[in-house]
Amino acid sequence: MTLALYRIDDRLIHGQVVVGWGQPLDVSFIVLVDDEVSGSDWEQDLYRMGVPPQIEVIFASVEKAADMLPNWESDPRVGILLVGDIDTAVALAGRAPQLKRFNVGGVHHRTGRKERLRFVYLTDDEAAKLRRLAAGGVDVTAQDVPTARAVPVSEFT
Amino acid sequence: MSELRGVIVSHAAVAKAMVDAVTAITGIEGALTPISNEGCGTAELGDRLREAVGAGPAVLFVDLPGGSCFTSSARYAKQGGADIAVVTGVNLAMLLDFVFNRDISPAEAARRAVDAGGKAIHVTRP
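The structure contained in this document is the topic of the report that follows. Per-chain numbering applies: the sequence of each chain, read as written, is numbered from 1 onward. Both sets of labels track the order of writing: A upward for chains, 1 upward for ligands. At least 70 in pLDDT is required for a residue's local features to be given in this predicted model, at least 80 for side-chain atom pairs to be given and counted, and no such filter applies to totals for whole chains, interfaces and linings, which use all residues. As a convention, hydrogens and water are excluded, and side-chain values are obtained from all of the structure's heavy atoms.

## Focus on unusual backbone geometry
Most peptide bonds take the trans configuration, and most residues that are not glycine carry a negative phi.
And step 1. Note that the residue after B:G56, namely B:P57, is joined by a cis bond; omega there is -5 degrees.
And step 2. For A:L12, which is not glycine, the phi torsion reads 55 degrees and is therefore positive.
And step 3. The helix and strand labels rest on DSSP assignments: H or I over at least four residues marks a helix, E over at least two residues marks a strand, and numbering proceeds from the N terminus. Residue position: A:L12 is located in the loop between β1 (3–9) and α1 (15–25).
And step 4. Assessed through its relative accessible area of 4%, A:L12 is described here as buried. Partly exposed residues are those whose accessible area sits between 20% and 50% of the maximum for their type, while under 20% is buried and over 50% is exposed, using a 1.4 Å probe and protein chains only.

What follows is the structure in structure tokens.
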């Protein structure tokens, strides 16, 4: 198997990821790509607490993730890769051209953002970044849980 | 010692339902504040926590020992703006004990909550 889901979610590891996606995909590992979290043992302990012991959690900076991506993609187990914001997704895609999919799973309200979907709020700049990602060959859709429809980027940006 | 605030942090409407249940059982109002993570990211959840906790002291009762409610609560408590304890696995039994015992420290209230909440979990065989 491989990485089954590449997800942008500002909550990073939480119930929708571990249970909502993790159960049906039978996930064995989660890669959390975040420069800040990858440098903080305390933050890593927090995120590990939300994951059952049989699921491995790997923390990586963007730079390390780009290097390690081929290994995770060829892993015989099923995994999920998470980033917390659009800038991190763009940075990772820029360093790892083999990355061809991104699921926008949750980007929530903040000053300057407009509601695009119930679970996706974006500034105009963030929306433009997602469109550019798609124009570069990355399949960008929005979908919070597996039972929902995958909304194409053209419908929410 | 000022009286403790209790803040329930949950997914969806669980926190609000628990506050309503405690009020229905005890008649005590205002001891608990519900917070939902519905529709908000970690930054906005932090804002909701700040508003609910105020100057504290407070106990944050979180639904699960992981996920956005927990990480936001733990992060907020770590900031050190108020005397705060975080308890996970909130249930009605620990809340009922809490509302009658709020003249203690957050740490002591957290210990009471774990004890009262744990004692309420039983398996009953027919």
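Still more to cover.
## Quick notes on the sheet that holds strand β3 (residues 58–62) of chain B
Residue and element names in this part refer to chain B.
And step 1. At least two DSSP bridges between two strands are needed for those strands to be called paired. Taken in spatial order, the four strands make up an open sheet running β2-β1-β3-β4, and their pairing is parallel. The open sheet is flanked by β2 (32–36) and β4 (84–88), the only strands paired with a single partner. Looking at each pair of strands side by side, their axes are set apart by 20 degrees on average, direction ignored.
And step 2. In this structure, strand β1 (residues 5–10) lies alongside β3, joined through five bridges in parallel fashion. Its bridge partner being in β3, V7 is matched across the sheet by L60.
And step 3. Residue contacts are defined here by distance: any two heavy atoms, one from each residue, within 4.5 Å place the two residues in contact. Orientation is described by axes fitted as lines to C-alpha atoms, over the contacting stretch for helices, and by angles from 0 to 180 degrees between their N-to-C directions. Sheet strands touched by helix α1 (residues 14–26): β1 and β2. Its angle to β2, the strand with the most contacts, is close to 160 degrees.

## Re the pattern of salt bridges
And step 1. Within this document, salt bridges are pairs made up of a side-chain nitrogen of Lys or Arg and a carboxyl oxygen of Asp or Glu, the two lying within 4 Å of each other. Here the structure, examined in full by the defined rule, presents 18 salt bridges over all chains.
And step 2. For the salt bridge of A:R113 with A:E126, the shortest nitrogen-to-oxygen distance reads 2.8 Å. Placement of A:R113 in the loop between β5 (101–106) and β6 (114–117) and of A:E126 in helix α5 (residues 124–135) is noted, with a sequence separation of 13 residues between them.
And step 3. Taking the relative accessible area as the measure of exposure, A:E126 reaches 12% and is therefore buried.
And step 4. Across the pair B:E44 and B:R48 runs a salt bridge, and its minimum N-O distance is 3.6 Å. Of this pair, B:E44 and B:R48 both sit in helix α2 (residues 42–53), separated by four residues, roughly a single helical turn.
And step 5. Given the relative accessible area of 21%, B:E44 is considered partly exposed.
And step 6. Look at B:R48 and you get partly exposed, because its relative accessible area is 28%.
And step 7. The network of salt bridges with common partners includes A:E56, A:D75 and A:R77.

## A look at the sheet that holds strand β3 (residues 56–60) of chain A
Residue and element names in this part refer to chain A.
And step 1. Strand order in the open sheet formed by seven strands is β3-β2-β4-β1-β5-β8-β9, and the pairing between neighbours is mixed. Edge positions in the open sheet fall to β3 and β9 (151–152), since each of these has one partner strand only.
And step 2. Looking at chain direction, β5 and strand β8 (residues 139–142) are connected through four bridges and run parallel. By the bridge assignment, R101 is partnered in β8 with D139.
And step 3. Across the sheet, helix α4 (residues 86–95) is in contact with β1, β2 (29–33), β4 (79–83) and β5; its angle to β4 comes to roughly 120 degrees.

## Observations regarding the packing of aromatic side chains
Residue and element names in this part refer to chain A.
And step 1. Aromatic rings from Phe, Tyr and Trp, with only the six-membered ring used for Trp, were paired whenever their centres fell within 6.5 Å, and each pair was classed as stacked if the ring planes differed by under 30 degrees, edge-to-face if by over 60, and tilted otherwise. The tally for this structure, following the rule as stated, stands at two aromatic pairs over all chains.
And step 2. Considering the side-chain rings of Y6 and F102, the 6.5 Å spacing of their centres and the 75 degrees angle between planes classify their relative orientation as edge-to-face. Here Y6 is found in strand β1, whereas its partner F102 is found in strand β5, with 96 residues between them in sequence.
And step 3. Take F102: its relative accessible area is 1%, and that puts it in the buried class.

## Description of the layout of surface pockets
Gaps between atoms show up when a probe of the same size as a water molecule is rolled over them.
And step 1. Taken as a whole, the largest pocket encloses approximately 470 Å³ of empty space.
And step 2. Surrounding the largest pocket, 24 residues form its lining, A:D10, A:G84, A:D85, A:R110 and B:T42 being those nearest its centre.
And step 3. Within the residue set of the lining of the largest pocket, elements represented by two or more residues are α2 (41–48), α4 and α5 of chain A together with α2 of chain B.
And step 4. Taken together, the residues of the lining of the largest pocket sort by class into five nonpolar, six polar and 13 charged. In this analysis, the protein atoms alone were mapped onto a 1 Å grid. Cavities are point sets where a 1.4 Å probe fits without being able to get out; pockets are open sets with protein on both sides within 12 Å along at least five of seven lines; lining residues have an atom within 4 Å of a point. Grid points are joined across faces, edges and corners, and a volume is the space filled by probe spheres set on the points. Under the grouping applied here, Gly and all other residues not named as nonpolar or charged are polar, the nonpolar ones being Ala, Val, Leu, Ile, Met, Phe, Trp, Tyr, Cys and Pro and the charged ones Asp, Glu, Lys and Arg.

## Things to note about the nonpolar core
For soluble globular proteins, the rule of thumb is that nonpolar side chains tend to be buried together.
And step 1. We call a set of buried Ala, Val, Leu, Ile, Met, Phe, Trp, Tyr and Cys residues a nonpolar core when their side-chain atoms join them within 4.5 Å. Residues A:I8, A:W72, A:L81, A:F102, A:V104, A:L130 and A:F156 are the most contacted members of the largest nonpolar core, which totals 37 residues.
And step 2. In this view, A:L130 contacts A:I8, A:I86, A:V104, A:L122, A:V140, A:V153, A:F156 and A:T157; residues no more than four positions away in its chain are not counted.
And step 3. One finds B:A15, B:V22, B:V99 and B:A113 within the second-largest nonpolar core, a separate group that totals 21 residues.

## Digging into the pairing of β3(B)
Residues and elements named next belong to chain B.
And step 1. Counting buried residues along β3, five of its five residues qualify, which places the element largely inside the surrounding structure.
And step 2. Burial along β3 is two-sided: A58, L60 and V62 facing one way and V59 and F61 facing the other are all buried.
And step 3. Sheet topology places β3 next to β4; five bridges connect them, and they run parallel. The partner of V62 across the bridge, within β4, is T88.
And step 4. The parallel pair β3 and β4, bridged by helix α3 (residues 68–79), forms a crossover whose chirality is right-handed. The crossover handedness rule: strands pointing away from the viewer, path from first strand over the helix to second strand clockwise, crossover right-handed.

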